[in-house]
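Here are the chains, one letter per residue:
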Amino acid sequence: MLDVADTGSKRAVRKKLAGRGGHSNTGYVRANFPLPDSEYHLYSGPRPFPDPRILDHPPVLATVVPSPEPPLSVRFLVPSKVQVLPLCFDMPVSPGQTLLLFQEPTTGLAIFAEVGAQSRGSFSRIKIQISPSVVIRASALEVTLLHTATVQTWPWPDVSYTSDSLSVSVAGRVLTVTTGDSSVEVLVHQLQSRTHLWARVKDHAYSSGTGGLIGQFQDNISYEVKDSSSRSARIEVRGNVLDATSARSVDYSTLSRQKVDCWLVPPTGLLRDPAAYVSASL
């Protein structure tokens with residue numbers, strides 16, 4: 001340690017320090033902590049750690065919190081009897097959940113769709129239940145038929161089955177299942193890095209009890225616009241007045257996947273019972 005009193009000037013001090021291997025650009029440092037002999041000293045080494053000046057302020061440790069995953073949903077289109085624009089709604093989903101798309105109590109026909117684990121809201125499997133003992137499960141790779149006690153599986157292009165009351169066939173990216181007077185199609189859409197399956201009821205004799213996320217609207221729906229602007233509206237449907245916003249949706253019921261304009265409404269005011277259409281597994 002070199003006392004300032006022993007030097008004639010700052011330049012002399014720097015020369016002495018340089019001769020001792022010190023730092024020539026080191027100036028006078030006023031000590032804010034006790035040092036022996038004198039209040040003013042030159043210090044040519046690194047600052048002591050921890051710095052006594054910050055002992056009363058401990059360091060703040062930052063914790064990195066990952067951003068939450070955005071919620072998943074599947075958008076459904078609802079055709080209208082009278083209005084030009086269809087309605088649409090977003091159904092909240094979770095990976096692995098199964099949605100009831102269609103149900104006909106009079107015949108037992110039901111259609112289910114499973115949300116893929118890594119599909120960002122796409123359907124990875126479709127289940128068509130003709131009766132408790134006759135079930136067809138379809139993925140993008142294969143189709144499995146459970147008929148009473150018999151199980152048959154085909155790769156997607158090779159599906160072909162016909163009996164007295166049931167026909168299962170594939171043409172391109174469309175699987176067609178026909179039973180009695182009802183015909184159901186499963187369409188395979190390739191969306192960038194994922195595959196999205198969609199079910200469409202092509203022919204069916206609907207009853208008043210037909211249900212499901214798609215089935216309850218197959219006879220189309222009527223609504224009335226109470227008040228609207230270019231981006232929002234108040235819409236009365238099924239006895240409820242709902243806030244709607246202008247949106248666009250992809251029509252997955254066709255292979256062309258056309259984008260259509262629609263009025264986006266909350267599912268809670270449109271569906272009869274949203275919780276009734278969700279189950280844990282296919």
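Presented here is an overview of the structure given in this document. (Residues numbered from 1 in each chain as written. Predicted model: local features only at pLDDT ≥ 70, side-chain atom pairs only at ≥ 80, totals over all residues. Heavy atoms only, no water.)

### Details of the environment of Thr-107
- Considering the arrangement of structural elements, one finds Thr-107 in the loop between strand E6 (98–103) and strand E7 (110–115).
- A C-alpha to C-alpha distance of 9.8 Å links Thr-107 and Gly-180, two positions 73 residues apart in sequence.
- For Thr-107, the side chain forms a polar contact with the main-chain nitrogen of Leu-109, separated by 3.4 Å. (Helix = DSSP H or I, 4+ residues; strand = E, 2+ residues; numbered from the N terminus. Polar contact = N/O pair within 3.5 Å; in protein donor to acceptor, adjacent residues only side chain to side chain.)

### Looking at the pairing of strand E17 (residues 224–228)
- With four bridges joining them, E17 and strand E18 (residues 232–237) adopt antiparallel strand pairing. Of the residues in E18, the one forming a bridge with Val-225 is Ile-235.
- Where E17 folds back on E18, the antiparallel hairpin that results is connected by three residues. (Pairing = 2+ DSSP bridges.)

### Things to note about the side chain of Ser-139
- In this fold, Ser-139 is placed in the loop between strand E9 (134–138) and strand E10 (142–147).
- For Ser-139, the side chain forms a polar contact with the main-chain nitrogen of Leu-141, separated by 3.2 Å.

### Focus: the sheet that holds strand E21 (residues 278–279)
- Here we have seven strands laid out as an open sheet, ordered E11-E10-E9-E8-E7-E6-E21, and antiparallel in their pairing. Taken across any chain shown, the strands that pair with only one partner, and hence form the sheet edges, are strand E11 (150–155) and E21.
- Of the pairings in the sheet, the one linking E6 to E7 comprises five bridges and is antiparallel in character. Opposite Phe-102, over in E7, you have Ile-111 as the bridge partner.

### What about the sheet that holds E18?
- The six strands are arranged E4-E5-E20-E19-E18-E17 in an open sheet whose pairing can be described as mixed. Of all the strands in the sheet, just strand E4 (72–78) and E17 have a single pairing partner and so form its edges. Between one strand axis and the next, the sheet turns by 45 degrees as a mean value, whatever way the strands run.
- Sheet topology places E4 next to strand E5 (residues 87–93); seven bridges connect them, and they run antiparallel. For Leu-72, the partnering residue across the bridge sits in E5 and is Val-93. (Axes fitted to C-alpha atoms, helices over the stretch in contact; angles between N-to-C directions.)

### Here's the deal with the pairing of E5
- Judged by how many residues are buried, E5 sits mostly within the fold: five of seven residues are covered.
- Bridge analysis of E5 against strand E20 (residues 259–264) gives two bridges, and the strand direction is parallel. Paired with Cys-88 across the bridge in E20 is Leu-264. (Buried < 20%, exposed > 50% of the residue type's maximum accessible area, 1.4 Å probe, protein only.)

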